[in-house]
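Chains, contacts and geometry: an overview
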Amino acid sequence: MKRKFIIVIFLLLIGSFSYAENVFGKQIFSVDTSFLLRGLDEFGWGIDCTYEREIFKWFSIRGGLGHSTNWYFDDDVTLTSVSVTAELLYYPFARGLDWLYLGVQNKTGFFMYDGDGFDENNNQDIVISVSPLIGWKQTFFESLMIDAFVGYKFVLNPGEQNPIIEDHVKNSIEYGIRVKFDVIRLIKYTVKKTLFPFK
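Parameters at a glance
For every chain, the first residue of the written sequence is number 1, and numbering continues from 1 onward in sequence order. Selection of residues for local features in this predicted model requires a pLDDT of at least 70, selection of side-chain atom pairs for listing and counting requires 80 or more, and totals for whole chains, interfaces and linings are taken over all residues. Derived side-chain values reflect all non-hydrogen atoms in the structure, with water molecules and hydrogen atoms excluded from consideration. Every residue gets a pLDDT, meaning the predictor's confidence in that residue, from 0 to 100. Every residue pair with non-hydrogen atoms within 4.5 Å of one another is taken to be in contact. Joining through side-chain atoms within 4.5 Å is the link that ties buried Ala, Val, Leu, Ile, Met, Phe, Trp, Tyr and Cys residues into a set, and such a set is a nonpolar core. For every residue, the accessible area (1.4 Å probe, protein chains only) is compared with the maximum for its type, and the residue is labelled buried under 20%, exposed over 50%, or partly exposed between those bounds. Segments assigned H or I by DSSP are reported as helices when at least four residues long, segments assigned E as strands when at least two residues long, and all are numbered from the N terminus. Pairing of aromatic rings covers Phe, Tyr and Trp, the last through its six-membered ring, and needs centres within 6.5 Å; plane angles under 30 degrees mean stacked, over 60 mean edge-to-face, and all others mean tilted.

On average, residues of the chain carry a pLDDT of 76, and 71% of them reach 70 or more. Across residues 4-25, confidence stays below pLDDT 50; counting only partners more than four residues off in sequence or on other chains, it has 46 contacts.

Before going further, it helps to spend a moment on the nonpolar core. The nonpolar side chains of a soluble globular protein tend to be buried, and buried together. In this structure, Val 77, Leu 79, Phe 111, Tyr 113, Val 127, Val 155, Ile 164, Ile 165 and Val 169 together form the largest nonpolar core, which totals 9 residues. Contributing elements (two or more residues each) for this core: strand E5 (77-90) and strand E6 (99-115). Core analysis: the next-biggest nonpolar cluster, separate from the first, contains 7 residues, Ile 28, Leu 89, Tyr 101 and Phe 149 among them.

Tallied over the full model, the rule gives 5 aromatic pairs. Here Phe 93 and Trp 99 contribute two aromatic rings whose centre-to-centre distance is 5.6 Å and whose plane-to-plane angle is 80°, an arrangement assigned as edge-to-face. Owing to a relative accessible area of 46%, Phe 93 belongs among the partly exposed residues under this scheme. Residue classification places Trp 99 among the partly exposed positions, given a relative accessible area of 26%. Here a set of aromatic residues connected by ring pairs shows up, and it is made of Phe 93, Trp 99 and Trp 136.

Take a look at the structure:
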C-alpha cells in the first residue's frame, strides 16, 4: 500500500509531459498518467498517449492510444485493454490550442480476457462509443497546461457485456483534469539559468 501511495504521489507531481511548437501549425504530443492512475486503483497499470494538431484557425484534430492491464484476483482474470480515440475540437476564441473548446470523440476499446472459463471463442470484446465534449485548457508559465473536460458517453456497440467491463459499456458522464508539463522547455530554461545565470 505504501509503495502504491508513493507511485501515485509521484505521478500526480510529474503529471504528463507535452511538447508543442509552431511548425506547420500548432501541435501537442502528450503522455498522460490518467490510465496509469486508474490502473493502480484497479490493481494494474496503463499508459495513454495523445497527439493534437491545429488544422484550421478554430479547429484541431486529436488522436489517442491507450493500453492498460488489470488483475481481478477474486475472479482469477487478467483484463488487457487497448483504446483508440479520434476527436474533432473547435476553439471559439481562436487562441490556438488553448482556452475553451467544444468537440466530439469517437472511442473504440478492445478488451481481452485471460483466465479460467475463457477461450478463443469468448475472450475478446469490442466497445465503441461517441461522446460530445466541452473543456477548458489553460497554459501557465508557458510550460504548464491544465486541461479540464466533461462529456457524455453514448455506447454504440456494447460488445458481449462481460460483467468485468460493465463500467465501460454504460452511457455515462465522463470528466477529468489533465496536467501537462512541457519538459523540453523546462530543460532548456534550467540549462539556460544554470549556464548563463546573469542573462
